[in-house]
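Below are the chains, spelled out letter by letter.
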Amino acid sequence: MAIDNLSIYIPDFSRYFCKLLNLIQLKTRKINFLILGIFLLSSSLFGKNIYCSGKWKVDVDSENKSVTIKCKNAALLKNFNATYKLGGKSFSTKDYATFSATKNAGKQNVGANSEIISITYRSEGLPVLVQKFYLDNSKDYILTDFTLESAESISSNYMAPVVLANGDFMKPSANNRALFVPFDNDKWVRFQSHPLTFDKLTSYEVTSIFDNSSRKGLVIGSVEHDSWKTGIEMSSANNALTSLTCFGGAADELTRDARPHGELKGKTIKSPKVFVGYFSDWRAGMEAFADANAAIAPRKAWNKAVPFGWNSWGVLQFKLNYPKAMEVSDFFKDNLQNNHFKNADNLVYIGLDSGWSNFSEEQLKAFVDKCKANGQEAGIYW
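About the cut-offs
- Residues numbered from 1 in each chain as written.
- Predicted model: local features only at pLDDT ≥ 70, side-chain atom pairs only at ≥ 80, totals over all residues.
- Heavy atoms only, no water.
- Helix = DSSP H or I, 4+ residues; strand = E, 2+ residues; numbered from the N terminus.
- Buried < 20%, exposed > 50% of the residue type's maximum accessible area, 1.4 Å probe, protein only.
- Areas by Shrake-Rupley, 256 points an atom, 1.4 Å probe, with all protein chains shown as cover.
- Pairing = 2+ DSSP bridges.
- Axes fitted to C-alpha atoms, helices over the stretch in contact; angles between N-to-C directions.
- Contact = heavy atoms within 4.5 Å.
- Expected span 1.5 Å × (residues − 1).
- Arc of directions from axis to C-beta.
- Phe/Tyr/Trp six-rings, centres within 6.5 Å; stacked < 30°, edge-to-face > 60°.
- Parallel < 35°, antiparallel > 145°, perpendicular 65-115°, else oblique.
- Nonpolar A, V, L, I, M, F, W, Y, C, P; charged D, E, K, R; others polar.
- Polar contact = N/O pair within 3.5 Å; in protein donor to acceptor, adjacent residues only side chain to side chain.

**Brief notes about the overall build of the chain**
When you go through the chain residue by residue, the secondary structure sums to five helices and 22 strands. Across the 382 residues that make up the chain, the buried fraction comes to 42%. With an accessible surface of roughly 21100 Å², the chain has 53% of that area assigned to carbon and sulfur atoms.

Here's what the structure looks like:
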């Protein structure tokens, strides 16, 4: 019992120590080293290495190399690892012998008030793993990613910045839900909200695990999409989340892939950057996720009028053919465009959805020429 009480006391002490470091600028180097030495000694004695940045705290467990992220001393995520695959084998931060940490000012697109805490893991026979946490006092979320560095070229098609063995950030409840987000809108797939009674669920690019009554919930997803398709694999039981893995390298039927994801290759390879936040309303969290994506890859500029027009799938579907497409173009010109059925740029878009494959190349070209002559933009589904 005494050991349990003591292990609870030390993290509580670290909270006040973090505040001391963040609020007081010590001018004497000897005092700096003395206090830092006392803190590191107290942390390492109990298997904890605690790194602070404003309201954020990163706890690294020395024994299993797992990380706990805290915001104002409340846990955001507990005891998660980073995982990757090399040569068909899985490795984790748990497999590394040593680690060290540094703290640097934030970079562009991370946040003007941000700091980056980097945890560097080393072990003989394995690439150096550098796990980064991008922390901003003005945000209710963190960003995290990791790189693998090696003297020789390495390759991987699976890198998971967040592997969580449990979901104890939420108490079991029949109101708990997990959001399924489809990778695309093909094959009539839809967004869905699932009670936490499933064996396995994979959402794509982002998900939220939330209380459907209070709306409180976790939002986690990728904010980088240049190299990977991202999946969030979850398992649950008895109205509680039992595991969660957010990984780059998703490739299955719902991402329209028939083969495994391609590999990244080089002496340094990087996981996708992942957004993790807990919000009083998960819907506001999804808006914050969208803003974080836009900060990294701003939306493309569109200075023209809103696209407006017709799409063949509405009625014709697979009955679409060349004569009907030409007839539609003329009908719009003769009966609708002269009655204000057009946008502010005086354009109508005439789109051929699935089913146009029975057109010849000559017919497709003639259709485009017809649309242009009728003051329309031709579109096609691909």
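Having seen the structure, we can now continue with the description.
**Remarks on the pairing of strand E3 (residues 67-71)**
A large share of E3 lies buried, amounting to four of its five residues. By the bridge criterion, five bridges tie strand E2 (residues 56-61) to E3 in an arrangement that is antiparallel. When the sheet's bridge partners are listed, Trp56 is paired in E3 with Cys71. Relative to strand E4 (residues 74-86), E3 runs antiparallel, the two sharing four bridges. Residue pairing across strands places Lys70 opposite Ala75, the latter belonging to E4. Following E3, the chain reverses through two residues before pairing antiparallel with E4; Lys72 in that reversal takes a positive phi of roughly 55°.

**What to know about the sheet that holds strand E20 (residues 309-311)**
Sheet strands associate in pairs through backbone hydrogen bonding, adopting either a parallel or an antiparallel arrangement. An order of E20-E21-E22 is seen for the three strands of this open sheet, with the pairing classed as parallel. For this open sheet the edge positions go to E20 and strand E22 (376-380), each flanked by a neighbour on one side alone. The mean inter-strand angle of the sheet, taken between neighbouring strand axes irrespective of direction, is 15°. Strand contacts of helix H4 (residues 322-336): E20, strand E21 (348-352) and E22, with the helix running at about 165° to E21, the strand carrying the most contacts. Packing of helix H5 (residues 361-373) onto the sheet brings it into contact with E21 and E22, and relative to E22 it is tilted by some 150°.

**Regarding H4**
The first and last C-alpha atoms of H4 sit 21 Å apart over 15 residues, in line with the 21 Å expected at 1.5 Å per residue. The set of residues buried in H4 consists of Ala325, Met326, Val328, Ser329 and Phe332. For H4, the arc enclosing every buried residue in end-on projection is 155°, short of the 170-degree limit, so these residues lie on one face. Among the exposed residues of H4, those oriented more than 90 degrees off its buried face are Pro323 and Glu327. Those residues of H4 hidden inside the fold are in contact with E20, E21, H5 and E22.

**Here's the deal with the packing of aromatic side chains**
In this description, an aromatic ring pair is defined by two values, namely the gap between the centres and the angle between the planes. All told, the structure shown has 18 aromatic pairs when counted by the stated rule. With centroids separated by 6.1 Å and ring planes inclined at 40°, the aromatic side chains of Trp356 and Trp382 adopt a geometry described as tilted. One end of the pair, Trp356, is in the loop between E21 and H5; the other, Trp382, is in the segment after E22, and 26 residues separate them in sequence. Three or more aromatic residues joined by ring pairs make a cluster, and in this case those are Phe308, Trp310, Phe331, Phe332 and Phe341.

**Quick notes on the environment of Phe80**
If you trace the backbone, Phe80 turns up in strand E4. For the pair Phe80 and Pro161, spaced 81 residues apart in the sequence, the C-alpha separation amounts to 8.9 Å.

**Looking at the packing of H4 against H5**
Remark: H4 packs on H5, axes separated minimally by 10 Å, with the N-to-C direction vectors making an angle of 5°. Taken together, the axes of H4 and H5 lie roughly parallel to each other. Within the contact between the two elements, H4 uses Tyr322, Ala325, Met326, Ser329 and Asp330 and H5 uses Gln363, Ala366, Phe367, Lys370 and Cys371. Split by residue class, the contact of H4 with H5 holds six nonpolar, two polar and two charged.

**A few points about H5**
Here H5 is 13 residues long and its end C-alpha atoms lie 19 Å apart, about the 18 Å a rise of 1.5 Å per residue gives. Every buried residue belonging to H5 is among Leu364, Phe367 and Cys371, and all of these are buried. Relative to the axis of H5, the buried residues are bounded by an arc of 60° and lie together on one face. Turned more than 90 degrees away from the buried face of H5, the exposed residues are Glu361, Glu362, Lys365, Lys372 and Ala373. Contacts from the buried residues of H5 go to H4, E21 and E22.

**A word on the environment of Ser203**
Position of Ser203 relative to the elements: it lies in strand E13 (residues 201-204). Relative accessible area serves as the criterion here: at 0%, Ser203 is assigned to the buried category. Along the backbone, Ser203 and Phe183 are 20 residues apart, and their C-alpha atoms lie at a distance of 7.9 Å. Apart from the residues within four sequence positions on either side, Ser203 is in contact with Leu179, Phe180, Val181, Thr230, Gly231, Ile232 and Met234. Of note is the side chain of Ser203, whose polar atom sits 2.8 Å from the backbone nitrogen of Val181.

The analysis is restricted to geometry; functional conclusions fall outside its scope.
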